[in-house]
Amino acid sequence: MPDTIRFERERGLLTLRLNRPEKKNALTCAMYSQLAEGLRLADSDPDINAVLITGGAECFTAGNDIFDFLQQPPNNLDSPVFHFMLNLLECRKPVIAAVAGAAVGIGTTMLLHCDLVYVSTDARLRMPFVNLGLCPEFGSSLILPRLLGQAKAAELLLLGEGFSGEQAAAWGIATEALGSGEAALAKGREMALRFDELPPEAVRISKQLMKAPDREQLRKVIEEEGALFTQRLRSPEAMTALSGFLNRH
Ligand code: COA
């Protein structure tokens, strides 16, 4: 079976590399399970100080595999995608994302839960949930209006407008935008390795403090969004939009 998520160890850093380039790193259930496993491993292994998630210098991810959405849609909070995202939310170690090219759907949503996010200036981010007959997921309906204000968040979440890495950094969705995909990856790796030099317990406690105030509300919103999202996946609106993507060629 192809190695669609690569686990790479370098000192105290675990890199989870999305590796399905022929499908623009679209995420399947199997890939979510591997990502969930990687985060679980990082959380429990005392020798791992940080996790880097990347899709390489060309493409971060085209989001959920649309074929999978039709064939094995997530039914409940026990689905691989929920395991991955809940492990991301709960991970006590710093999680860094290095993003180049397209970051669509969950490719953008997951960034809202990473601690540091390095993007290329020309990265293309987009959350086309409504366009696909779906609705926002994993806390984006809470986090984005807070971060950007209702008016800007509506453009991204209701109209599904795309935006660049440069805009993501200006709006606080990303930490920094860099001139190329390679530069974003190099910066992500460099900053992730910095955690090897820091006292891990102090990092853990500080991350926990930063996340604690919103934790309960976020969990509640994620459950509400998840219930509606899984319902929407079976709606005629979504069926039409998702089949439309698959039949476009
Ligand atoms: N699910 C399944 N397959 C996908 C996919 C997805 N989300 N995104 C891309 N692919 C596949 C394409 O079908 C194509 O496969 P093929 O070569 O067998 O025909 C291959 O990946 C390359 O995609 P293509 O669209 O030709 O690449 P591009 O560079 O022109 O565009 C994207 C890249 C990411 C902008 C575009 O593929 C896209 O918009 N994908 C859908 C994104 C999406 O709506 N995701 C779900 C969000 S909830």
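Residues numbered from 1 in each chain as written. Predicted model: local features only at pLDDT ≥ 70, side-chain atom pairs only at ≥ 80, totals over all residues. Heavy atoms only, no water.

Under the annotation held in an unreviewed UniProt entry, the protein chain carries the name Enoyl-CoA hydratase-related protein and is attributed to Pseudomonas wuhanensis. Quoted verbatim from the Sequence similarities (unreviewed entry) field of the UniProt record, the comment on the protein chain reads "Belongs to the enoyl-CoA hydratase/isomerase family." Listed under Subcellular location (unreviewed entry) in UniProt, the entry text for the protein chain is "Peroxisome". (UniProt positions renumbered as here; feature names shortened; annotations may be inferred.)

Student: Could you clarify how one ought to interpret the sheet that holds strand 5 (residues 102-104) in this entry?
Tutor: Strand pairing in a sheet relies on backbone hydrogen bonds. The paired strands run either parallel or antiparallel. Strand order in the open sheet made by the three strands is 5-7-8, with mixed pairing throughout. In the strand order of this sheet, the two ends are held by strand 5 and strand 8 (163-164), each with one partner. Inspection of the sheet shows strand 5 paired to strand 7 (residues 124-126) by three bridges, in the parallel sense. When the bridges of strand 7 are listed, Ala102 appears paired with Arg124. (Pairing = 2+ DSSP bridges. Helix = DSSP H or I, 4+ residues; strand = E, 2+ residues; numbered from the N terminus.)

Student: It is not clear to me how the packing of helix 5 (residues 140-148) against helix 6 (residues 150-157) should be interpreted in this structure. Could you clarify?
Tutor: Each pair of packed helices gets described by two things: the angle between the helix axes and the distance between those axes. For the pair helix 5 and helix 6, the least separation of the axes is 7 Å and the interaxial angle reads 135°. Classified by the interaxial angle, the pair formed by helix 5 and helix 6 is oblique. Seen along the crossing, helix 5 lies across helix 6 with a hand that is right-handed. Mapping the contact onto sequence places Ser140, Ser141, Leu144, Pro145 and Leu148 in helix 5 and Gln150, Lys152, Ala153, Leu156 and Leu157 in helix 6. Tallied by class, the residues present in the contact of helix 5 with helix 6 amount to six nonpolar, three polar and one charged. (Axes fitted to C-alpha atoms, helices over the stretch in contact; angles between N-to-C directions. Parallel < 35°, antiparallel > 145°, perpendicular 65-115°, else oblique. Left-handed = near helix turned anticlockwise from the far one by under 90°. Contact = heavy atoms within 4.5 Å. Nonpolar A, V, L, I, M, F, W, Y, C, P; charged D, E, K, R; others polar.)

Student: How do you make sense of the packing of helix 5 against helix 9 (residues 200-233) when you look at a structure like this?
Tutor: Taken N-terminus to C-terminus, the directions of helix 5 and helix 9 make an angle of 125°; their axes are 8 Å apart at the nearest point. In terms of axis orientation, helix 5 runs oblique to helix 9. Residue-level contacts link Ser140, Ser141, Leu142, Ile143 and Arg146 of helix 5 to Asp214, Gln217, Leu218, Val221 and Glu225 of helix 9. Of the residues in the contact of helix 5 with helix 9, the class split is four nonpolar, three polar and three charged.

Student: Help me understand a nonpolar patch on the surface, please; the structure alone is not making it clear to me.
Tutor: On the surface, a nonpolar cluster with roughly 270 Å² of combined accessible area is contributed by Phe67, Phe245 and Leu246. Tracing the backbone through its elements, the reader meets Phe245 in helix 10 (residues 236-246). By relative accessible area, Phe245 is classed as partly exposed at 35%. (Patch = residues over 30% accessible without salt bridge, like charges linked within 9 Å, V, L, I, M, F, W, Y side chains within 5 Å. Areas by Shrake-Rupley, 256 points an atom, 1.4 Å probe, with all protein chains shown as cover. Salt bridge = Lys/Arg side-chain N within 4 Å of Asp/Glu carboxyl O. Buried < 20%, exposed > 50% of the residue type's maximum accessible area, 1.4 Å probe, protein only.)

Student: I would appreciate a short explanation of the side chain of Thr54 in the present structure.
Tutor: Topologically, Thr54 is positioned in strand 3 (residues 50-54). Overall, Thr54 belongs to the buried group, its relative accessible area being 1%. A polar contact of 3.1 Å, which involves the side chain of Thr54, links it to the backbone oxygen of Ala98. If we ignore the near neighbours within four places in the chain, the residues touching Thr54 are Thr15, Leu16, Arg17, Leu18, Phe60, Ala98 and Leu185. (Polar contact = N/O pair within 3.5 Å; in protein donor to acceptor, adjacent residues only side chain to side chain.)

Student: I'm lost on the environment of Glu237 in this one. Help?
Tutor: Looking at the secondary structure, you find Glu237 in helix 10. Distance from Glu237 to Gly133, taken between C-alpha atoms, is 4.9 Å for residues 104 residues apart in sequence. Once residues lying within four places of it in the same chain are set aside, the contact partners of Glu237 are Leu132, Gly133 and Arg232.

Student: Whenever I open this one, the site of the ligand confuses me. Can you help?
Tutor: Around the ligand, the structure places 17 residues, and the nearest of them are Lys23, Ala62, Asn64, Ile66 and Arg248. Interatomic distance of 2.8 Å between a backbone N/O atom of Ala62 and a nitrogen atom of the ligand. The separation between a nitrogen atom of the ligand and a polar main-chain atom of Asn64 is 3.0 Å. For the ligand, whose unbound accessible area comes to 870 Å², protein coverage reaches 69%. Broken down by secondary-structure element, the contributors of at least two residues to the shell around the ligand are helix 2 (66-71) and strand 5. Tallied by class, the residues present in the shell around the ligand amount to nine nonpolar, three polar and five charged. (Near = heavy atom within 4 Å.)

Student: Sorry if this is basic, but what is going on with the pairing of strand 1 (residues 5-10) here?
Tutor: A regular strand places its side chains on the two faces of the sheet in alternate fashion. Judged from the six bridges that link them, strand 1 and strand 2 (residues 13-18) form a sheet pairing that is antiparallel. Bridging across to strand 2, Arg6 finds its partner in Arg17. Linking strand 1 to strand 2, which pair antiparallel, is a turn of two residues; within it Arg11 sits at a positive phi near 50°.

Student: Can you walk me through the sheet that holds strand 1 in this structure?
Tutor: Taken together, the six strands give an open sheet; going across it, the order is 1-2-3-4-6-9, and neighbouring strands pair in mixed fashion. Here the strands that pair on one side only, and so sit at the sheet edges, are strand 1 and strand 9 (176-178). Direction aside, the axes of adjacent strands within the sheet are offset by 20° on average. Across five bridges, the pairing between strand 2 and strand 3 is parallel. Within strand 3, the position partnered with Leu16 by the bridge is Ile53. Strands strand 1, strand 2, strand 3, strand 4 (95-99), strand 6 (116-120) and strand 9 of the sheet are contacted by helix 8 (residues 181-193), whose axis makes an angle of about 160° with strand 6.

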